[in-house]
Amino acid sequence: KKKSLNLEPIVYHDLSLSKLSSATSWMNPLFRIGYKRSLEGEDLYNVLPEYRSKTLGETLQRYWDEECLKASKDLKEPSLSKAIIFCHWKFYAALTLITFIEEATKLVQPVLLGYLLHYFETYDPNDYHGLQLAFCYAFGISLCSLLLAVMHHLYFHYQKVGMKIRVALCHMIYKKALCLSNSATGKTTTGQIVNLLSNDVGKFDELTIWLQALWVAPIQVAVVVALLWAEIGPSCLAGILVPIILMPLQTLFGRLFSMFRSRMAVLTDSRIRTMNEVVFGMRIIKMYAWEKPFASLVSRFRGEEINNVMKSSMLQALNLASFFSASKVIIFITFAIYVQLGNTITASSVFVTVSLYSNTATTVNLFFPRAIELLFESYVSIQRIQVRNMNHDKEEKGIVAGCIIPCGRWTALKNNFSSSSTIPTETPVLASFPQSSLLSAILGELPLDKGVLKVKGQLTYACQQPWVFPGTIRSNILFGKELNPAKYEEVLRACALKRDMELLPDGDLTLIGDRGATLSGGQKARVNLARAVYLDADIYLLDDPLSAVDAEVGRHLFEKCICGILKDKPRILVTHQLQYLKAADQILVLKGVCTCPSSIESQSSLRVMFAHVWQNQTNHIQPLKEKSGLQWIWDIFGMIMSWNVCLGQILQLNVFGTSKSFFKTCLHMCLGVIAKHYADVLSGLTAATLIFGLVRAMLFIYVLVKSTETLHKRMFNAILRTPVHFFDVNPIGRVLNRFSKDIGEVDLVLPWTFVDACQIALHMVGVIAVAASVVPWILILVVPLLIIFVFLRRYFLKTSRDIKRLERTTRSPMFSHLSSSLQGLWTIRAFRAEQRFQNVFDAHQDLHSETWYLLLCTTRWFAMRLDLLCAVFVIILTFACMSIRDDLGAGDVGLALSYAISIVGMFQWGVRQSAEVENLMISVERVMEYTELESEAPWETEKRPPLDWPSQGLVTFDGVNFSYSADGPVVLRNMNATFLPREKVGVVGRTGAGKSSLVSALFRLAEPQGKIYVDGILTSELGLHDLRQKMSIIPQDPVLFTDTMRKNLDPFSQHSDEELWNSLQEVQLKSVVEELPTKMETLLAESGSNFSVGQRQLVCLARAILRKNRILIIDEATANVDPRTDKLIQRTIRDKFRDCTVLTIAHRLNTIIDSDRIMVLDAGEIQAYDAPYTLLQDPEGIFYKMVQQTGQQEAEDLLTYENRSHPSNKHSSATNGNLVFHETAM
């Protein structure tokens, strides 16, 4: 149970120290828990109401709507930037007061230091008035240190503003995704939207922190010039020219950074889109043995992306190097001119100047360029988000015309001729078969060219490709409705799900995973239908729900569900199963794009037509392994070593980071004596600082970016080689999160943070060394402070690491929910469930906000305590100098105090950066976890089959048992069967009987137990590619990829244009492809969504024709096509694969009735295996009963056909045969 904690009263409401001291005290119980054990989700606090996704999203949406309205009146494009500014400017502007006080304090402290050093310069032991003033200055310096230690952390409120903007934009992006029109969906991929949510919106978390530097830097430069003019006169102008020159240069860098970021965003979109398709279609990729082409494709995108990452990171390195080097150059130039003008250098003038320049350098050379970079980055992100947000919504108006369906009647849609008409969009979109297009128009998913279509009543829809979302079977059926036990049971019985519920381990509470991985195709189809039936709608649109089930289940669904439980409702059924048309009230025959409404009794022409057609028809993730941050740091150093870069050389370069303290010390000591004598030496040291700073930063960045490239390559290769079961149990969002957010942080954030942490750590060593050289006994104080720091860091990291891991984990469900929603967009909108899915997304966002807010708070908790430790160090050192004032000179005091003051803020930032490096190692850890995934058998082995293998097509299963995982149920049991060369074998069985598992065993998608021989060669001894490349498949769920038609047919470029066109001609798709804008080079939409399901299956058939393999598997090839196209496919198979051994896995019995033998499977076991004529002679046999369940007329046709064809000897043994596995849905 989560703790309900009202955080608001204890979050910085005023500037009182008592309130600030309690600002993070509420975190103490959480830290105590985190120190004792690992934190879990139940330990988190509930998100505050004002940070909830729904609240923030609706607020920003209101401002965006107002901006759109105003822009439309002014006839210009709306600006999302303006909407964001108007939404948050008041609160953000109020925070500038805090920044003003902090920056004023930073400028006052060097002035007080100058007065204190002046006392030491004119030290008189008898000057008690001067001593009192000196103690006042010391007290003022101490008070400023304390004030800075507290005030600095009020920028936590800036982080909250960034979080609000990010959450609100995510809400709007998802809301827009639910409203995308059909044409907009064709132009927007899942990968692009995932990239927006993972990388683009994250820029606002940083932008709001650094944005203040844009106005602070110019004002601070002006004030510092005024103070230095009073201190050292016009010499300050020479030094101040350096940051003034750097500012436009850094603005130029910002523009270049923006350009590289824009290119990188496009490439990242392409990479994530490809990864989305790879993960979604991994089963197909493995069966086609297409891992290498996709590895090359991703490698190409990644290579171009890394080039832009390298360029942008090098710009960051230049900015970082300029920050650490500019202050040395400024001080050198200033005092060189100061001495040349005849002035005498004093300790007070030197150290006041150094301190003021240091403050200016931090703001101008670090904060200002970072703000410029983030401003341009955020501008690019806003433009990308706005482009997505401006895509057209789907039309809500009028739907279809020309047909009135009275209550209680149902209409069958029959396609007599396939259609190739196009829908006018910028992206080529082929019309699916007209029935699905008609349903799409009724749903409002397709715009109308002309005419008016009216729908009265609530619609519900069962899609052609069954869609299920991650959750339980019950939640998929109820779909947000309340459970009515009686109605629910009735729906389960009507949809033939009762037996399945009894067989599943947890019944209807079984989790079905992403994409319904644990269910068979038929089970998903029935769950999909049950969802539509359970909704008490007025009109039911059923898009071919009978195609994925066997004849028995199909008849049950038709009689008990469509004509049973729904008998009093208007139903529009798309079907290719003509035996059911006689029960229709009216039939719509679609020819091309024309409709012919009729009743089957009234038009004799229709009876003639259908008689002709009937005559033709009878022919879990394992938990992450815990590793400490140091271990992961060593891992990343191992990566660096892999690039042959000596770690010792890098550390040598980093010594120059420490030497900045050395250079500064030398500079001050030399200036304190006679600066003229050391001009040449100081010039050389300054130049060396600048050069080595640049080399160090750029070398570090280069090595780290190359390491991230290696990490991505290893992770992707591991993903390609892991068994397909991994993708069944891991949601797609979890995998994409590794390739988007985690790789994004390793690419862009880790190198910068790592270099920064190293630099500051070495600087701190120099500060302590200088302080100890002045006041040696200060080391007595440093030791306990160091012990406290080490303990505090360990105490912090135990909790911070857990929260960071939870933050990563809670982000993945957002991506999974987005991906699942986009797949079922039509169903969600048909059920009017957009708001419910929006609420689920908001709940995922709120859960992520809980961890993100706690991450910000824990960081503040740690940083404030570190700054207070540094303030204590400054206070003790200041008064220690006062206590031994007799033994110290002004130069010693100035050197020690100027360094000590500089560590306030820098120390906590450096420690936080080191902690952030360790936290970012969680991303490395998550990536490394995927580099160590279980690997399937090797792609190639030493034993290679002959080039002409298989030459006969003899396949033998010898005692085969098969399961998809080591701890999974056995789906094939003790299978012993032989498929002879050139034999045509049909395999039938109820949904879930193990038909598709037979294909999986042959392809070794999981390693079967027992032996499978092909032409006498044991398949388990072969490499997977050697085996799979010799077999072709038309899968149950045909998959096309976002590439050209040419690459979809021939990814290896092994065939000529003539061969490609001939293959398309064979499957009647040549004319369709010729109508595309660039024909074979046309880029297909995501998952081939601009083709119908049937057309996608024909493309897969064309692939099989091209491969000319001895083994062909066609899995549910005719599931979504009409009988005419089915006949076309059968004729093509008989013509092109006449010498093949054919194994047909079918639901349509008329498809396999002419087979040489038929195998009947049930519960993974062979129930019957013989010639169809022999099986039909046994009235008690399982196959005979299946034939009778198809209906009286079709059963008679099947029996008549088999009796007529039996005398001919259809099987002839051949020594040179091919093997074809063919599975259909009906």
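Residues numbered from 1 in each chain as written. Predicted model: local features only at pLDDT ≥ 70, side-chain atom pairs only at ≥ 80, totals over all residues. Heavy atoms only, no water.

1. Looking at the overall build of the protein
Point 1. Scanning the protein from terminus to terminus reveals 43 helices and 17 strands.
Point 2. Counting every position in the protein, which comprises 1226 residues, the buried fraction comes to 61%.
Point 3. On the protein, roughly 47,300 Å² of surface is accessible, and the fraction owed to carbon and sulfur atoms is 59%. (Helix = DSSP H or I, 4+ residues; strand = E, 2+ residues; numbered from the N terminus. Buried < 20%, exposed > 50% of the residue type's maximum accessible area, 1.4 Å probe, protein only. Areas by Shrake-Rupley, 256 points an atom, 1.4 Å probe, with all protein chains shown as cover.)

2. Brief notes about the packing of aromatic side chains
Point 1. This structure, assessed with the given rule, holds 31 aromatic pairs.
Point 2. Taken together, a centroid distance of 5.2 Å and an interplanar angle of 70° make the contact between Trp 210 and Phe 367 edge-to-face. In this pair, Trp 210 is assigned in helix H10 (residues 203-210) and Phe 367 in helix H15 (residues 347-389), connecting sequence segments 157 residues apart.
Point 3. Using a relative accessible area of 23% as the deciding quantity, one classes Phe 367 as partly exposed. (Phe/Tyr/Trp six-rings, centres within 6.5 Å; stacked < 30°, edge-to-face > 60°.)

3. Notes on the pattern of salt bridges
Point 1. Counted according to the given criterion, the structure contains 27 salt bridges.
Point 2. A salt bridge links Lys 569 to Asp 536; the shortest N-O distance between them is 3.2 Å. One end of the pair, Lys 569, is in the loop between helix H21 (551-565) and strand S4 (571-574); the other, Asp 536, is in the loop between helix H20 (521-534) and strand S3 (539-543), with 33 residues separating them in the sequence.
Point 3. The exposure class assigned to Lys 569 is partly exposed, which follows from its relative accessible area of 23%.
Point 4. In this structure Asp 536 comes out as exposed when scored by relative accessible area, which is 54%.
Point 5. As a salt-bridge pair, Asp 742 and Arg 926 come within 2.8 Å of each other at their nearest N and O atoms. Here Arg 926 lies in helix H32 (residues 890-931) and Asp 742 lies in helix H27 (residues 732-748), a separation of 184 residues in the sequence. (Salt bridge = Lys/Arg side-chain N within 4 Å of Asp/Glu carboxyl O.)

4. Notes on the side chain of Gln 212
Point 1. Structurally, the position occupied by Gln 212 is in the loop between H10 and helix H11 (213-232).
Point 2. Once residues lying within four places of it in the same chain are set aside, the contact partners of Gln 212 are Tyr 92, Thr 96, Thr 99 and Tyr 158. (Contact = heavy atoms within 4.5 Å.)

5. A short note on unusual backbone geometry
Point 1. Residue Pro 950 follows Trp 949 across a cis peptide bond; omega there is -10°.
Point 2. Positive phi outside glycine occurs at Arg 832, with the angle close to 55°.
Point 3. One can find Arg 832 in the loop between helix H30 (825-830) and helix H31 (834-883).

6. Some thoughts on the sheet that holds strand S8 (residues 972-979)
Point 1. The strand order S8-S7-S10-S11 describes an open sheet built from four strands, whose pairing is antiparallel. Of all strands in the sheet, those bounded by a partner on one side alone are S8 and strand S11 (1017-1018).
Point 2. Inspection of the sheet shows strand S7 (residues 955-962) paired to strand S10 (residues 1009-1014) by five bridges, in the antiparallel sense. Each bridged residue has a counterpart across the sheet, and for Phe 957 the counterpart in S10 is Ile 1012. (Pairing = 2+ DSSP bridges.)

7. A word on the side chain of Thr 931
Point 1. Looking at the secondary structure, you find Thr 931 in helix H32.
Point 2. On the basis of relative accessible area, Thr 931 is assigned to the buried category, the value being 14%.
Point 3. Not counting residues up to four positions away in its chain, the partners in contact with Thr 931 are Leu 711, Arg 714, Met 715 and Ala 718.

8. Some points on helix H29 (residues 778-823)
Point 1. The terminal C-alpha atoms of H29, which comprises 46 residues, lie 66 Å apart, in line with the 68 Å expected from a rise of 1.5 Å per residue.
Point 2. Of all the bends found along H29, the most pronounced is centred on Leu 797 and spans about 25°. (Expected span 1.5 Å × (residues − 1). Bend = angle between axes of the 7 residues up to and from the residue.)

9. Concerning the environment of Gln 212
Point 1. Residue classification places Gln 212 among the buried positions, given a relative accessible area of 5%.
Point 2. For the pair Gln 212 and Phe 367, spaced 155 residues apart in sequence, the C-alpha to C-alpha distance is 8.8 Å.

10. What about helix H2 (residues 28-36)?
Point 1. Those residues of H2 that sit buried are Leu 30, Phe 31 and Gly 34. Taken around the axis of H2, the buried residues stretch over an arc of 100°, which confines them to a single face.
Point 2. Elements that come into contact with the buried residues of H2 comprise H29 and H31. (Arc of directions from axis to C-beta.)

11. With respect to the environment of Ser 740
Point 1. For Ser 740, the location among the structural elements is in helix H27.
Point 2. Beyond its immediate chain neighbours, meaning those up to four positions away, Ser 740 contacts Val 194, Ser 198, Asn 199, Ile 272 and Phe 815.
Point 3. Reaching out from Ser 740, the side chain makes a polar contact with the backbone oxygen of Leu 736 at a distance of 2.7 Å. (Polar contact = N/O pair within 3.5 Å; in protein donor to acceptor, adjacent residues only side chain to side chain.)

12. Some thoughts on a nonpolar patch on the surface
Point 1. Taken together, Phe 100, Trp 215, Ile 219, Val 223 and Leu 227 make up a surface patch of nonpolar side chains, about 420 Å² in accessible area.
Point 2. With four residues, the top contributor of residues to the nonpolar patch is H11.
Point 3. Among the secondary structure elements, Leu 227 is positioned in helix H11.
Point 4. A residue is classified by how much of its surface remains accessible, and Leu 227, at 30% relative accessible area, is partly exposed. (Patch = residues over 30% accessible without salt bridge, like charges linked within 9 Å, V, L, I, M, F, W, Y side chains within 5 Å.)

13. Comments concerning the confidence of the model for the protein
Point 1. Overall, the prediction assigns the protein a mean pLDDT of 75, with 81% of residues at 70 or greater.
Point 2. In the predicted structure, residues 1-23 sits below a pLDDT of 50 and forms 49 contacts with residues beyond four places in sequence or in another chain.
Point 3. Within the model, the stretch residues 395-409 combines pLDDT values under 50 with 42 contacts to residues more than four positions away or in other chains. (pLDDT = per-residue confidence, 0-100.)

14. A word on the packing of H27 against H29
Any two packed helices are characterised by how steeply their axes cross, that is the angle between the axes, and by the distance between the axes.
Point 1. H29 packs onto H27 with a crossing angle of 125° between their chain directions and a minimal axis gap of 8 Å. By the angle between their directions, the pair H27 and H29 is classed as oblique. Our pair here, H27 against H29, has a crossing hand that is right-handed. Residue-level inspection shows Ile 732, Gly 733, Arg 734, Asn 737, Ser 740, Lys 741, Asp 742 and Glu 745 of H27 in contact with H29, the latter providing Arg 808, Arg 811, Ser 812, Phe 815, Ser 816 and Ser 819.
Point 2. Here the residues of the contact of H27 with H29 sort into two nonpolar, six polar and six charged. (Axes fitted to C-alpha atoms, helices over the stretch in contact; angles between N-to-C directions. Parallel < 35°, antiparallel > 145°, perpendicular 65-115°, else oblique. Left-handed = near helix turned anticlockwise from the far one by under 90°. Nonpolar A, V, L, I, M, F, W, Y, C, P; charged D, E, K, R; others polar.)

15. Comments concerning the environment of Gln 1029
Point 1. Among the secondary structure elements, Gln 1029 is positioned in the loop between helix H34 (1024-1028) and strand S12 (1031-1034).
Point 2. Judged by relative accessible area, which is 37%, Gln 1029 ranks as partly exposed.
Point 3. Separated by 80 residues in sequence, Gln 1029 and Asn 1109 have C-alpha atoms that sit 8.0 Å apart.
Point 4. With near-sequence residues (within four places) excluded, Gln 1029 lies in contact with Ala 289, Arg 1107 and Asn 1109.

16. Some words on the pairing of S10
Point 1. Relative to S11, S10 runs antiparallel, the two sharing two bridges. Of the residues in S11, the one forming a bridge with Tyr 1013 is Leu 1018.
Point 2. Connecting S10 to the antiparallel partner S11 that follows it, the hairpin turn spans two residues, and Asp 1015 within it adopts a positive phi of roughly 55°.

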